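Results of the structural survey
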Amino acid sequence: KDLRSHGDGTLIIHKPSLAALDRATTRVAAEIPGRRLRVTNGYRDEEYNRKIGGKEKSQHLDGRAFDIRVTGWSKSERIDLLAILYQEGFRGFGIGDKSFHADTGPERHWGYKYDADGTCSPLGSNGCGRFKDGKTGELDYIKASDFPWA
C-alpha cells in the first residue's frame, strides 16, 4: 500500500530498486535488533509529486525511490541503516529527522527537516538531517563524514 502513489493510487516500481529494498529489509531485520524497515512513500504520480513539492525529476516518479520512517532510531542505528542501503545498491540519500529517502539514482545526498507544522524544509546538499538521539535524548547530527562510505 505505501509503495503506491498517495495521489492517484497507481504503482510503478523499478524492479532492481524493489529487489534492493527487499534485500535491505531482510538485512535490517537480521542486523539491527528490534528494527524493521517501514516504507512510507514509494512511487509518486506526477500530479501528487507536484502537490507535495517534490523535485521535477524525482526518482519517486520512476519507482526508484523509497522514504523510510526512522523516528525513534538511534544515530548508530541510522548509520547502520545507511550502510545496509548503500551496500544493497542505493546511492541517493535524503537524511531527515523523521525519515530517510533512499534511491538507486546517481550518488548524492542532502538533508531536510520537518518544521513544527509538518512541512519539510531542505537543509542543502552539504549537511544532513538532524534528529534527537533515541538513547541520550540530546540533539545530534548526521554529517556527510558520518556516512559509512565516507
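Just so we're clear, the structure is a prediction, and the values are computed from it rather than from any experiment.

1. Side note on the packing of aromatic side chains
This model, assessed by the stated rule, comprises one aromatic pair. Ring plane angle 80 degrees and centroid distance 6.2 Å describe the contact between phenylalanine 66 and phenylalanine 90, whose orientation is recorded as edge-to-face. In this pair, phenylalanine 66 sits in strand β2 (residues 65-69) while phenylalanine 90 sits in the loop between α3 (75-87) and β3 (92-95), placing the two residues 24 residues apart along the sequence. As far as the burial class goes, phenylalanine 66 and phenylalanine 90 line up, both buried.

2. Digging into the environment of leucine 21
Relative to the helices and strands, leucine 21 resides in helix α1 (residues 15-31). On the accessibility criterion, leucine 21 (5% relative accessible area) is buried. Measuring from C-alpha to C-alpha, the distance between leucine 21 and isoleucine 84 comes to 9.9 Å, with 63 residues separating the pair along the chain. Apart from residues no more than four positions distant in its own chain, leucine 21 is found in contact with Leu3, Leu37, Val39, Phe66 and Phe90.

3. Some thoughts on α3
Over its 13 residues, α3 runs 18 Å from end to end, which matches the ideal 18 Å to within 8%, given 1.5 Å per residue. Across the 13 residues that make up α3, a large majority, 10, are buried. Listed as buried for α3 are Lys75, Glu77, Arg78, Ile79, Leu81, Leu82, Ala83, Ile84, Leu85 and Tyr86. Count one or two residues on from α3 and you reach glycine 89, which has phi positive near 115 degrees.

4. With respect to the pattern of salt bridges
Tallied over the full model, the rule gives seven salt bridges. Salt-bridge contacts for arginine 23 lead to glutamate 88; the nearest nitrogen and oxygen are separated by 2.6 Å. Placement of the pair is arginine 23 in helix α1 and glutamate 88 in the loop between α3 and β3, with a sequence separation of 65 residues. Aspartate 67 is the salt-bridge partner of arginine 44, the closest N and O atoms lying 3.4 Å from each other. A residue pair is termed long-range when its members are at least 10 positions apart, and arginine 44 in the loop between β1 (39-41) and α2 (46-51) and aspartate 67 in strand β2 qualify at 23 residues. Judged by relative accessible area, which is 10%, arginine 44 ranks as buried. Taken together, the shared-partner salt bridges connect Arg23, Arg27, Glu31 and Glu88 into one network.

What counts and what doesn't
Residues numbered from 1 in each chain as written. Predicted model: local features only at pLDDT ≥ 70, side-chain atom pairs only at ≥ 80, totals over all residues. Heavy atoms only, no water. Phe/Tyr/Trp six-rings, centres within 6.5 Å; stacked < 30°, edge-to-face > 60°. Helix = DSSP H or I, 4+ residues; strand = E, 2+ residues; numbered from the N terminus. Buried < 20%, exposed > 50% of the residue type's maximum accessible area, 1.4 Å probe, protein only. Contact = heavy atoms within 4.5 Å. Expected span 1.5 Å × (residues − 1). Salt bridge = Lys/Arg side-chain N within 4 Å of Asp/Glu carboxyl O.

Nothing here speaks to function; it is geometry throughout.
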